[in-house]
Structures are given as C-alpha cells and as structure tokens.
Amino acid sequence: MVTSVRRQRLRRLARWALMAVLLADLLALSDTLAVMSVDLGSESMKVAIVKPGVPMEIVLNKESRRKTPVTVTLKENERFFGDSAASMAIKNPKATLRYFQQLLGKQEDNPHVALYRVRFPEHELGFDPRRQTVYFQISPQLHFSPEEVLGMVLNYSRSLAEDFAEQPIKDAVITVPAFFNQAERRAVLQAAHMAGLKVLQLINDNTATALSYGVFRRKDINTTAQNIMFYDMGSGSTVCTIVTYQTVKTKDAGMQPQLQIRGVGFDRTLGGLEMELRLREHLAGLFNEQRKGQRAKDVRENPRAMAKLLREANRLKTVLSANVDHMAQIEGLMDDVDFKAKVTRVEFEELCTDLFERVPGPVQQALQSAEMNLDEIEQVILVGGATRVPKVQEVLLKAVRKEELGKNINADEAAAMGAVYQAAALSKAFKVKPFVVRDAVIYPILVEFTREVEEEPGVHSLKHNKRVLFSRMGPYPQRKVITFNRYSHDFNFHINYGDLSFLGPEDLRVFGSQNLTTVKLKGVGESFKKYPDYESKGIKAHFNLDESGVLSLVRVESVFETLVEDSPEEESTLTKLGNTISSLFGGGTTSDAKENGTDTVQEEEESPAEGSKDEPGEQAELKEEAEAPVEDTSQPPPPEPKGDAAPEREQATDKENGEKSEAQKPSEKGETGSEGISPAPEEEKKQNLARKQRMVAEIGVELVVLDLPDLSEDELARSAQKLQDLTVRDLEKQEREKAANSLEAFIFETQDKLYQPEYQEVSTEEQREEISGRLSAASTWLEDEGFGATTVMLKEKLAELRKLCQALFFRVEERKKWPERLSALDNLLNHSSMFLKGARLIPEMDQIFTEVEMTTLEKVINETWAWKNTTMAEQAKLPATERPVLLSKDIEAKMMALDREVQYLLNKAKFAKPRPRPKDKNGTRAEPPLNASASDHGEKVIGPPGQSEDAQPISEPDKATPGSEPLELEGAGAESEQKEQSTEQKRTLKNDEL
C-alpha cells in the first residue's frame, strides 16, 4: 500500500515537472516567433526574416531596396545609416565610415590597418594601448571602436527586420567570412552583444551559400556524392569553396541530405573594392591632367572630391561589365570644375591585370585543402557581385577547365537565404526539414605543454609536447577532452594555432598572433591531497568548438577512482523522480540532438583529441577519449568507455565541497577466478557489493588571452549603454522631426483651405482673418525659434491651432456628410413604410406580427419623419457660419433605431412557423384545384410490411374545441392550403415507413 502511494506521488510529481518544462518552452516561444539573418558583406548587407506566414523573405529597407550599404555617418547630434549615410559620404567623408570590418580583431601593427589608412586617409584612427587596437576619432569628444560601429549596423538591421516583421526580433544568425580567425569571430559576437542581439550562430558565408543551394535542390541530392565549387568574389575578398552533397543516414530522421565543406581557399584583399580604387586613381590622374598648367591643387588632397570619384568608379565598373566603353562624368568635382572622360573596358582590365592574375589562387588552395583535382568537380558556381566582371569570368573559366560557369543562383542573396534557413532550424519556434551541415576548421588548433622527464637516472630535462586539438578541415561543432596523466601539481599549458604553412608570408602577417591562450591551472596539488588513497586518472581539460567556430575551455577537472563496497540501500525519492521523468521521455535513451541542420555532437562523451606522432612513451601524457564523429552515422554506436572515460551522465547528483562522485559498474574481468569456473555464492555476493567510485574535483582555471584581449564586462556594458543612448537620442530626434513636420504641414494646409469656397461659405471674414493671423504667427515662430523647440512645445503649438480651427472644420465636414446621410435616411424611411403597409395587408389567419409590434414600428417611422422635417426646418433658419443643429451622428442614431425595429420584424418573419389549416364542415377534404397535377390526385403510399394497401394513415385529430363548427375554407386559396396539408401528412408517413 505504501509503495503504491509512493508511486502515485512520484508520477504526480513527474507530471508537474513535465508541465513546467512545456510551459517554459511555450514562454520562450512567445518571445521568439520571428528570427532574422544578416549577411554582413564588406560593402552592403542583406537582411532576411522568418516568421509565421512569411517563410524566408528578404527585408526591404526604408528605400524599398533589398540590400543596404554597410555605411554609418556619425555626427555630434545625429547618425545616418544605409543609403542616407552613403549620400552623406560626399558631404562629410570624415564622419562616414565604410569597410570598417577589415579592422575587426586587428591590432595596430596589422598590415590591414595600414592598408585602411592608405585607402581612406580622411579617417583619423586612434590607438587603444590596453588592447593594442585602433578606434575611429570622429571629434575630440566622439570616438568609436570598430566593434561599436558594427554594433550600430547590427542594431539598424534589427530595426529594419522588426519594421518588416511588425514584431520584436532578438534571435539572429550572422554571416562572417570563412577566413575569420578566433579574434575576429569574438569581435563580431561582442558587437552583436552591444546591439542586444542573441546570436544563434556565426555561420560562414560560403557555408550559408552552400546551404541555400542545397535546400532548394533537395530532390537532386542522393547517396552519390556531388562535388560543387562555389567561387565567391565580393567587394572586399574572395573565397573558393568545395562542397560535397549527398544523403546520409541520421539517428533521428533517417536518410537526410548533407553538405560537407571539403576545401576552402581565399584571398583577403581580392575583390571589387580594389578594382574601384584602381579606377578612382585612374580618374584622379585624368582630372589632374585636364587641369595641368592651371596651378590647381591635386584632387587627391580633397576628401570630398575623392569620395565623388570613388562613387563614379563604382558606377563605371558596373557599366563596363556590360559595355566596352563609357563616359565618366562628375559635375562640380572640385572648385566648381566639371569632369568628363572616356574609359574603355580594355583600360580597366589593364589597370587590374595583377588582380586578375590572382583569380585562380583561391581555386588551387581549395583543391589542395580538399585533396581533390578539377576532374572531380562537377560544377563551378559564381557568387558575389564582383564575379560579374567579364575578365574575372574569363580567367576563372580557363583556370577550372570547364565548358561554362554556373550562374543558377542568386549571387547577392544566396548567403542571406541560407543563413535565415539555419536561423529557423536553430529556433524553437519553427520546424524545418533537416539538412545536415558539416562545416570545416580552416585553421588547426593544438595544445602545447612542457613536462619534466628523466632520460637517465638523476638526469632531468624538459620536454616540449604538442597535441593537435582540432585538425585542419576537420568538422565542427565538436567537443574534445585532453587528459594530462603525469601531473600532481599546478601547471600551465598553451592553446595555439597549428601548422599555418598553407598561408603566404603576407597572409601570416595579416593573420596576427598565432598564440591563442595560456591556461594556468590552480588546485591540482590540493586535489591529490584530498584523495591520497584514490588512484589518479589524470587531469582532464574539456574543450568545445561551437557552431560559431569559437573555441572555449569548458572546464578542467581532476579525476580519481577507487574500489569501494556498496551497501544495498533504497533509492532516494529524488533518484526515483529522475528515473520517472526519464521514462516519460523514453527512458533517457533518445538523443537530444536537434534536427537543426548542424552536425551534432554526442552528449555522453566528447570527441577525442588527434593522436600524436611522438614516441609511444609520450602517448600516456595525452589520452584520447570516446570515439570521433564519423560521417556515416548508420554504424552502431561505440561501446561505452570504462575507467577514466566513463560517461558523464553516470555521475551522481550528490556534491560535497565542490566535488562530484560517480558510480560505475564493476569490471567483468580479473575477478571471476579461473576460466570456466563460476565463483562461490559468497564470493559472487561480495563481488556484486564492490564497485568503482569516481571522484571529480574541479580545478581552478586562469585564462591569459594572447591573440587579442577581449573587452571586459564593464567595457561591454559601457559600450552597450552608449549605443542604447544613441538609439534613444535618434528616436527622440525622429519624434521631434515628426512633430515639426506635422505642425508645418498643418499650417500650410489650413492656410490653403481658407481660400476654398466650401470653407469661405461657413466662416465669416473676421473668423478667417483670426485664423490666418494665428497661422502666420505660428509659421514665423517655427522658422525663428522652431530649431530650438522641444517635441512637447511643437505638439502643444499644433494642439492650439487645431483647437482654433476645430469649429470651422466641423461645419465643413458636417455639410459634406449631409447629402449621403439624408439620402440613406430617406431610403430607409420609404422601405420601412412599404414594409409596414405590406405587413398590415396580411390576412388575419396568416398574420405573424402583433398589433403592438406594428404600432411600435409605425410610431418610430412617424417620429423619424417628424424629427427630420423639424430639424431641417431649424437648420434652414440658421446661418451657415453657426454650429449646425442637423448633425450626422444624430442622423445615424435615428437610422439605427429605425433599422433595429425593422430587423426585429424581419427576423420574426424569417423563423415563424405557418399556422395549421382546419378541415371543412363535412369533415371531408377540399377538392383539389383545377391546376393540380395527376400525381396529387392518385399518389400511392407504400405501407409497412404486414399492412394492406387499403389501410389508411391515421389522420391528425381535429384541434377545434368540442361543439364548435370548423371554419369553412373558401376559394382556391383554401383548396391549396388543404392540398399542402394532405401532402405534408403523406410525406411524414413516408419518412416514418422508411
């Protein structure tokens, strides 16, 4: 009995726990009904959203364009974004920031910082001594870091998405170049944090493009591998990617399509921007030659003129892609001098000869990293705006040795669409078809540590060890564990990049520091002192390379084991509750991996570190745990590791002094005695009571970032608050501009209305002069003092003017409504009178309306006629300049009252039942009318079985009172009623028989 009660109680608790989980999910979904993606390019960005009813749609900006320039204009009191900022680049080039993504994650001595200074000399870059980075110095009081500027752009993109979706959006997937290293990726995440965005994933733009291509061609993907090359040349860089598409068997969804990144090659500075800069330099030389001998200044010294030339070079590059020559012309380039020059495509190609020679470079890099040749590539697809240059296509076609280049993808929007599909897959609010994505690590990461070894007795030396943590072109996301076995005291190890020999010397300089982090462990010696009788299983460091490609050290722990005797005790209530909840979810055996299109990692144990090529004796320093994720998931799962590789899910929930204990099943070997002989019952019982106990002690970790110091929590909070203050200021400015525009528009519109006949008819000369004088005074005030007026002052001034003109506008509006309202009232009165007249003509036997109802309707009709005539007579006596007594709202009220009475009678007639007809005096049926059909005279009724044909149906008893004579039906109408009654009786009988 007690056991049954306990089980019921546990089940009840489990149900409540399940309901709490579901409720939490529902509450989370309520805030994430829409997600967005931002394809963050060097020159422009594309924003896409997914919301209920809107699957994967590109967001239009305020100018109704599908792509928005990544440009920000920063002034003391205002900001501009997108096309507005791009137009401000000519007026104020110093305050207009473009192509600032090149500075993300870069220190001051990076070659890209020097290149940015050469390309855009109008910008003043300051130096941050703590992080060794640069920032934009707009004015002595105004400066912003590249992360803050990017945060502004991301916040603006979210505002565009929210306006388009008509609901708040917080979750986003952001695209980044595939060649971004750890410092650059962390910089983008910090910028998104400043903007208040929750980043679901940083997805490589080449991966997003490949995903978009595969999603829309799902039916063409089968078990046969298809190798596709995507050549993406954008404004700032070029990336070539080799992708393999095929269907694979997954644990949860069966056979599903998969894309795997096989090879990547890139050129950080090859793109459309460099071509435009070459054209700008050429146009500047032509303009200086035209003004040669006039002692004019060099146009290159004028930032505004160079901004105009860069805009013209962008237009010229686009036009020359379709024409062999074009005339470049700029009005008032400098000193009010116009510029006009003819540029041919041949000249353009000669300017960029060295750039076109670099086009095949990324292709060769991608083939080398994928260990493939061109014969294995089925198709080469062009992506990016710069691939529209004919010379680029010509050189690329020759390099890949194909008949033609694929152009069957939207070169501008493919990455945005792939990213938003991934956002929908990662969000809890949407269910999408699974598409497995296996991205690749571009830069290998390894762990380095130094250990003291004894080569000879009494001779100690230090040995430097390297272990590859994430190999080049290995898949991610994944987790790995490294075990240090020969340490019993605090020590340090280093996380660095691996072999980067595939990068050239210049790329290595741009790459920055090759050292990532130094990890200092504290508490190793104390853990050994706590468990002197336990056997050490090593110091385990858990690493995670997440979906965004960002590496993190999850935890470090010291693991010990010993063999203890286990006394059989009753399970605790908490354990039973956990088991019950697990059984509700399938016993805890189902995988928790999402069908979100990413290659999930096994939860029970992280993936192993790469093996070392050192001598076998050193292999004990770095243990591999679990099994590496394989591409074919249809294979059976590997057996659970034992000893130090025990699954984490078996750890007990009890914790004491920050330590965790874990129970493990006893070993099956070494304790069964001699082979083939079963142990005695006593020995078997003792064996069952002995188990391995695992103790885990957390080790303190101190991280020293070496590549680029991250912003501290305080700095992040200050930057986020700074951006929030700027956003609030912009909103206040927009509100003030809206109030000023409304006031100005009201003044001009009202001044114009005063001279219209309909307004002059209902106003006197004095009234118009008063209104006109007040409007003129408000206009003068707006011109003289309006710039310093607050939003409240502008709204108050507008309210005063509206109150002044309210009576005039009311009279005009009422006169406009009179004809329509009066015509509708007359029609309703006429129809109501006709309805009442027809109702009174109904015979008394068929009357369905009572005298009270008809009298009430007649009364309402008469009162409405009387009100209309009286009110119109009074209105005719009043002058047009006075407040009218005939109001449209009164007319509507009268119409509603009259219509309510008519509708009541109509509804009653609609649902009224006809009264039964009495028989004639002789009790016989009335003769049918002359026009009755033959079937009405001789209709034969088939009776039920056993009843003779002569049997007649039972007639309905007469409802007349005893002794009274039935009313006599006269005329054809009576005959027709009697015929209908007889037919109804026959139909009823038929239904009963059936």
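Computed from a predicted structure; not experimentally measured.

1. A few points about the overall build of the protein
- When its secondary structure is counted, the protein shows 25 helices and 32 strands.
- Residues classed as buried in the protein amount to 44% of the 994 residues present.
- For the protein, restricting intrachain contacts to residue pairs at least 6 apart in sequence, the fraction spanning at least 24 positions comes to 72%.
- On the protein, roughly 53600 Å² of surface is accessible, and the fraction owed to carbon and sulfur atoms is 51%.

2. As for the packing of helix 21 (residues 791–840) against helix 22 (residues 851–877)
- Put simply, helix 21 and helix 22 touch, their axes get as near as 11 Å, and they point 150 degrees apart. With respect to helix 22, the axis of helix 21 lies roughly antiparallel. When you trace helix 21 past helix 22, the crossing you get is left-handed.
- Of the residues assigned to the contact of helix 21 with helix 22, the class counts are 13 nonpolar, six polar and six charged.

3. Some details on the sheet that holds strand 6 (residues 79–81)
- The strand order 6-5-7 describes an open sheet built from three strands, whose pairing is antiparallel. With one partner strand each, in any of the chains shown, strand 6 and strand 7 (96–98) form the two edges of the open sheet. Sheet twist, expressed as the average angle between the axes of neighbouring strands with direction ignored, equals 20 degrees.
- Where strand 5 (residues 71–74) meets strand 6, three bridges bridge the pair, whose relative direction is antiparallel. Looking at the pairing, T73 lines up with F80 of strand 6.

4. Things to note about the confidence of the model for the protein
- Summarising the model, the protein shows a mean pLDDT of 80, and 76% of its residues fall at 70 or more.
- This stretch, residues 25–31, has a pLDDT under 50; its non-local contacts, to residues over four places away or in other chains, come to three contacts.
- Within the model, pLDDT remains below 50 along residues 584–681, and this stretch shows 189 contacts once partners closer than five positions in the same chain are excluded.

5. Observations concerning the packing of aromatic side chains
- Summed over all chains, the structure comprises 26 aromatic pairs.
- Measuring from centroid to centroid gives 6.0 Å for F179 and F180, while their planes differ by 65 degrees, and the two rings are edge-to-face.
- When its relative accessible area of 8% is taken as the criterion, F180 is described as buried.
- What links up through ring pairs into an aromatic cluster is the set F449, F484, Y487, F491, F493 and F543.

6. A short note on the packing of helix 18 (residues 713–753) against helix 20 (residues 765–785)
- Axis separation between helix 18 and helix 20 bottoms out at 10 Å; the angle between their running directions is 145 degrees. Judged by the twist between their axes, the crossing of helix 18 over helix 20 is left-handed. Along its contact with helix 18, which presents A740, L743, E744, F746, I747, T750 and Q751, the element helix 20 presents I771, L775, S776, A778, S779, W781 and L782.
- Split into classes, the residues belonging to the contact of helix 18 with helix 20 amount to nine nonpolar, four polar and one charged.

7. Topic: a negative patch on the surface
- A cluster of acidic residues, E744, E783, D784 and E785, forms a negative patch on the protein surface.
- If one sorts the elements of the negative patch by residue count, helix 20 sits on top with three residues.
- Mapped onto the fold, E785 is located in helix 20.

8. Brief notes about the sheet that holds strand 10 (residues 142–144)
- Taken together, three strands build an open sheet; the order of strands is 8-9-10 and the sheet is antiparallel. Since the sheet does not close on itself, it has two edges, and those belong to strand 8 (125–128) and strand 10, each with one partner. Strand-to-strand, the axes of this sheet are offset by a mean angle of 40 degrees, without reference to chain direction.
- Relative to strand 10, strand 9 (residues 133–139) is paired through three bridges, and the arrangement is antiparallel.

9. A closer look at the pattern of salt bridges
- Applying the stated criterion across every chain yields a total of 41 salt bridges.
- Ionic pairing is found between R300 and E281, a salt bridge with its closest N-O pair at 2.6 Å. Placement of R300 in the loop between helix 7 (272–290) and helix 8 (303–320) and of E281 in helix 7 is noted, with a sequence separation of 19 residues between them.
- Owing to a relative accessible area of 33%, R300 belongs among the partly exposed residues under this scheme.

10. Focus on the environment of N492
- Relative to the helices and strands, N492 resides in strand 24 (residues 492–497).
- N492 gets classed as partly exposed once you look at its relative accessible area, which sits at 37%.
- The sequence separation of N492 and E448 amounts to 44 residues, and the corresponding C-alpha distance is 9.3 Å.

11. Some details on unusual backbone geometry
- The omega torsion across Y476 and P477 is 10 degrees, close enough to zero to call that bond cis.
- At D335, a position not held by glycine, the phi torsion is positive, near 55 degrees.
- Here D335 lies in the loop between strand 16 (325–334) and strand 17 (337–344).
- Judged by its relative accessible area of 55%, D335 falls in the exposed class.
- Unlike most non-glycine residues, R401 shows phi in positive territory, near 55 degrees.
- Relative to the helices and strands, R401 is located in the loop between helix 12 (390–400) and helix 13 (414–426).

12. Let's talk about the environment of E783
- Counting through the fold element by element, E783 comes out in helix 20.
- The class for E783 is exposed, based on a relative accessible area of 56%.
- With 39 residues separating them along the chain, E783 and E744 place their C-alpha atoms 9.7 Å apart.

13. Let's talk about the nonpolar core
- In terms of nonpolar packing, the biggest core is built from 131 residues, with F230, Y245, F484, F493 and F543 touching the most fellow members.
- It is helix 13 that contributes the most residues to this core, 11 residues altogether.
- M229, M275, M334 and L396 belong to the second-largest nonpolar core, a separate cluster that totals 46 residues.

14. So, the pairing of strand 19 (residues 436–440)
- Across the five residues that make up strand 19, a large majority, five, are buried.
- The alternating pattern of strand 19 places V436, R438 and A440 and V437 and D439 on opposite faces, both of which are buried.
- Note that strand 15 (residues 254–267) and strand 19 share three bridges and pair parallel. Directly across from Q258, in strand 19, lies its bridge partner V436.

15. A few points about the side chain of T517
- Inspection of the secondary structure assignment puts T517 in strand 25 (residues 515–522).
- Dropping the residues within four chain positions of it, T517 is found in contact with F493, H494, I495, L703, V704, V705 and L706.

16. Looking at the side chain of H123
- For H123, the position within the fold is in the loop between helix 3 (111–119) and strand 8.
- Setting aside anything within four residues of it in sequence, one finds H123 in contact with P93, K94, T96, L97 and Y116.

17. Thoughts on the pairing of strand 12 (residues 198–204)
- Bridging between strand 11 (residues 171–176) and strand 12 involves six bridges; their strand directions are parallel. Residue pairing in the sheet places V173 in a bridge with Q201 of strand 12.
- Handedness of the β-α-β unit built from strand 11, helix 5 (residues 182–194) and strand 12 comes out right-handed.

18. Some remarks on the environment of V248
- Position of V248 among the secondary structure elements: in strand 14 (residues 238–250).
- By relative accessible area, V248 is classed as buried at 9%.
- A C-alpha to C-alpha distance of 6.5 Å links V248 and Q258, two positions 10 residues apart in sequence.

Cut-offs used in this document
- Residues numbered from 1 in each chain as written.
- Predicted model: local features only at pLDDT ≥ 70, side-chain atom pairs only at ≥ 80, totals over all residues.
- Heavy atoms only, no water.
- Helix = DSSP H or I, 4+ residues; strand = E, 2+ residues; numbered from the N terminus.
- Buried < 20%, exposed > 50% of the residue type's maximum accessible area, 1.4 Å probe, protein only.
- Contact = heavy atoms within 4.5 Å.
- Areas by Shrake-Rupley, 256 points an atom, 1.4 Å probe, with all protein chains shown as cover.
- Axes fitted to C-alpha atoms, helices over the stretch in contact; angles between N-to-C directions.
- Parallel < 35°, antiparallel > 145°, perpendicular 65-115°, else oblique.
- Left-handed = near helix turned anticlockwise from the far one by under 90°.
- Nonpolar A, V, L, I, M, F, W, Y, C, P; charged D, E, K, R; others polar.
- Pairing = 2+ DSSP bridges.
- pLDDT = per-residue confidence, 0-100.
- Phe/Tyr/Trp six-rings, centres within 6.5 Å; stacked < 30°, edge-to-face > 60°.
- Patch = residues over 30% accessible without salt bridge, like charges linked within 9 Å, V, L, I, M, F, W, Y side chains within 5 Å.
- Salt bridge = Lys/Arg side-chain N within 4 Å of Asp/Glu carboxyl O.
- Lys, Arg positive; Asp, Glu negative; His and termini not counted.
- Charge placed at Lys NZ, Arg CZ, Asp CG, Glu CD.
- Core = buried A, V, L, I, M, F, W, Y, C linked by side-chain atoms within 4.5 Å.
- Right-handed = clockwise from strand over helix to strand, strands pointing away.

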